Amino acid sequence: MEATIAQFIEQEFRDQGEDIAVAADDDLVALGFDSIAYVRLVAFIADQFAVRVPDADVTVEQFGSVRAIVGYLEQRRAEDETVPG
Amino acid sequence: MTAPPHREPVRVIPEAITRAATAAPDHAAVTMLGATLSYAELERRSSAVANLLRSRGVGRGDRVGLFAHKSIELLVAMHGAMKAGAAYVPINPDAPTGYVRHILEDCEIRHLVSGRSKRNAVAELSTQVGLATCLGLEPGDAPVECVGWEEVWTSPHHDPDVTLTGDDLAYIIFTSGSTGRPKGIIHTHRSALAYAEVAAATFGFVPDDRITNHAPLNFDLSTLELFGGAVAGATVAIVPEGHARLPASFSQLLEDERVTVINAVPFALVQLLHRGALDDRDLRAIRLVLFGGEVYPTRDLRTLMARLPHARFGNVYGPAEVNGCTYLIVPDLAADSDEPISIGGLYPGMEAMVVDEHDRPVAPGDIGELLIRSDAHMLGYWRQPLATERSRLRRTRPDGGEDVFYRTGDLVIEQSDGTYSFVGRGDRQIKTRGHRVELDEIETAIGSHPEVEQAVVYAVPDGDGSQLIEAVVTLLAGGAGDAAADVDGQALLRHAAARLPKYAVPRQIRIVSSVPRTSTGKADRIALVEAAMRNTDTHTPTS
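Conventions and cut-offs
- Residues numbered from 1 in each chain as written.
- Chains lettered and ligands numbered in written order.
- Predicted model: local features only at pLDDT ≥ 70, side-chain atom pairs only at ≥ 80, totals over all residues.
- Axes fitted to C-alpha atoms, helices over the stretch in contact; angles between N-to-C directions.
- Helix = DSSP H or I, 4+ residues; strand = E, 2+ residues; numbered from the N terminus.
- Parallel < 35°, antiparallel > 145°, perpendicular 65-115°, else oblique.
- Left-handed = near helix turned anticlockwise from the far one by under 90°.
- Contact = placed C-beta atoms within 7 Å.
- Buried ≥ 20, exposed ≤ 12 C-beta atoms within 10 Å, placed from the backbone.
- Nonpolar A, V, L, I, M, F, W, Y, C, P; charged D, E, K, R; others polar.
- Pairing = 2+ DSSP bridges.
- Domains from an automatic or database assignment.

**With respect to the packing of helix H4 (residues 97–106) of chain B against helix H5 (residues 119–126) of chain B**
Residues and elements named next belong to chain B.
- Direction vectors running N to C along H4 and H5 enclose 55°, while the axes themselves pass 11 Å from each other. Taken together, the axes of H4 and H5 lie oblique to each other. The interaxial crossing formed by H4 with H5 has right-handed handedness. Taken together, the residues of H5 that come into contact with H4 (itself represented by Thr 97, Val 100, Arg 101 and Leu 104) are Ala 121, Glu 124 and Leu 125.

Structure below.
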């Protein structure tokens, strides 16, 4: 999961002409990840991991780094498992 | 708008801070994510910065670079640089080092304010340009004298006692230049305050206001809250980059900081509307939403107005060269029309002319270029006297003196009620998500690649009122070996990204065998735009 997300982000940077290796704890905003790239990242995550990502969840705390995103997704999965349906 | 209490105008920006620190020392001058700096502390700390800079040789007319992500310290340093008598030069913290280097060299900047997230970039730059001191880095971060903030605050807190007048330089903001190099717009304390005072009065800024600083400091939109807020003794609520990019975090900040005035580009407000989780937020403290920089799609504006029924909305217009010149308090918008809103009418004390290509005034109702005469007019472009003169129209006054107008390059129509409608540009300058970009600068950047024969850059409407940048390129034929095989669109994107701020990098660069031409042999940019709109989905989904 971590590698998949990092690869997507690196590809986003490449699409903008930048070769950046993204580590799990890197601050994505400080690297220059912009709001449109974030919109695409959220759509990718929702599709790739079959999880609904409400707008209210896409925050600096939960989407600031690859590790934070993975933590958020794992928490979402745990919640889905405890809530039937 | 409500009339604010009467204030005497200040002559220079530091006086506004001193006045507020005297009147209400404990009142918040700046907040960021719960941290607060009072006016008394801002006064003391900006003096500490000024005294430190003075001890390193900074004086009147010097330039101090600001190259960092947003922070309270950055705003303190901005005020400190001006207090030392210097102009601050804000630099986009996400710009490639080649772009930053040009600004540092052009302004001969020896004193920089930065932050630890930029220490690698500063270290690289300090081997290329003659930097002496960098505030905000820790010793060892870069091979220059680094002075961390804790150390800065130990500098003397007394007023540095620099004699400044309204004619002294306050700041230099760099904008895209059509010659391929960004150019610096110089504002004095007088021209900066002329706008700050009229805007603060027009929009009724009071000490109890908490005004967002959403735009980066290198974007002239920020001067509205930074100086308009200061003359009113109001609080500036810094929106850090992450909160500016993630709408749910932006709306959380608006609620947490009980923001009363938003100032942002339309793109940020469209994002806020569609992804800002507004249902979850209490935003009743907002009394005014100001926006500027580009056209706000009427449909989205109307929807946001309905979501914030207690707030008024204001469109602020003006190129950075004249700060701001017209504004519109948005009236109720008809539900059945998406006609663009106007840019409103002039602030008091300004004059406009609308002229044809021979500088003759056109009849009201006809399209012409907007020219502005105002005390907020820049001093000029930094070390570009020819460009400065070309940007001006001089008119002889009846007394033999001379009026100086700024040529905005914006095409407008004056309406019968004295307001102006924005029609478009007469040149190759565009706005993309609020950023002002000269397409010629991008062509120059891509064209500097050794294997490029010609680069043609054009803007495609994105369907949300903004524009996206694309490029086609032809390669030099018959180079050594099969050189063309070595370069692809990706390599050219990297080349562009190393030279341009991110927002100016085309979203794609296509290599083509030939560029479509008009009958006169020029690159047919209209055909390229039409093809792009036909062939690709240019609409970035916003919901």
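**Notes on the environment of Leu31(A)**
Residue and element names in this part refer to chain A.
- Examined against the element boundaries, Leu 31 turns out to sit in helix H2 (residues 28–31).
- Its 16 C-beta neighbours within 10 Å are what place Leu 31 among the partly exposed residues.
- The spacing of Leu 31 and Thr 59 is 28 residues in sequence and 17 Å in space, taken between C-alpha atoms.
- Leave out the neighbours within four places in its chain, and Leu 31 touches Ile 20 and Asp 26.

**A short note on the interface of chain B and chain A**
- Each partner contributes residues to the interface: chain B has 23 residues there, and chain A has 18 residues.
- Mapped by element, the contributors of at least two residues to the side of chain B that touches chain A are helix H9 (241–245), helix H10 (247–256), helix H11 (266–275) and helix H15 (489–497) of chain B.
- Grouping the constituent residues of the side of chain B that touches chain A by class yields seven nonpolar, nine polar and seven charged.

**Quick look at the pairing of strand E25 (residues 452–461) of chain B**
- Across nine bridges, E25(B) lies against strand E26 (residues 467–475) of chain B in antiparallel orientation. By the bridge assignment for E26(B), Val457(B) is matched with Ala471(B).

**Topic: the sheet that holds E26(B)**
All names here are of chain B.
- The sheet built from three strands is open, its strands ordered E25-E26-E27 with mixed pairing. The outermost strands of the open sheet, each flanked by one partner alone, are E25 and strand E27 (508–511). Within the sheet, the average angular offset between the axes of one strand and its neighbour, ignoring direction, is 25°.
- The sheet contacts of helix H14 (residues 439–447) involve E25, E26 and E27, and relative to E25 the element is tilted by about 145°.
- Against the sheet, helix H16 (residues 525–535) engages E25 and E26, with an angle of about 55° to E25.

**Focus on the domain arrangement of chain B**
Residue and element names in this part refer to chain B.
- Taken domain by domain, chain B holds domain 1 (13–329), domain 2 (349–425) and domain 3 (432–534).
- Only H4 and H11 provide two or more residues apiece to the side of domain 1 that touches domain 3.
- Partitioning the side of domain 1 that touches domain 3 into residue classes produces ten nonpolar, eight polar and two charged.

**Section: the packing of H14(B) against H15(B)**
All names here are of chain B.
- Remark: H14 packs on H15, axes separated minimally by 9 Å, with the N-to-C direction vectors making an angle of 120°. By the criterion of interaxial angle, the relationship of H14 to H15 is oblique. Where H14 crosses over H15, the handedness of that crossing is right-handed. Residues Ile 442, Ala 445 and Ile 446 of H14 lie in contact with H15, whose contacting residues are Leu 492, His 495 and Ala 496.

**Quick notes on the environment of Gln490(B)**
All names here are of chain B.
- Along the chain, the position of Gln 490 falls in helix H15.
- According to the C-beta neighbour criterion, Gln 490 is partly exposed, with 14 such atoms within 10 Å.
- Between the alpha carbons of Gln 490 and Phe 250 there is a distance of 33 Å; along the sequence they are 240 residues apart.

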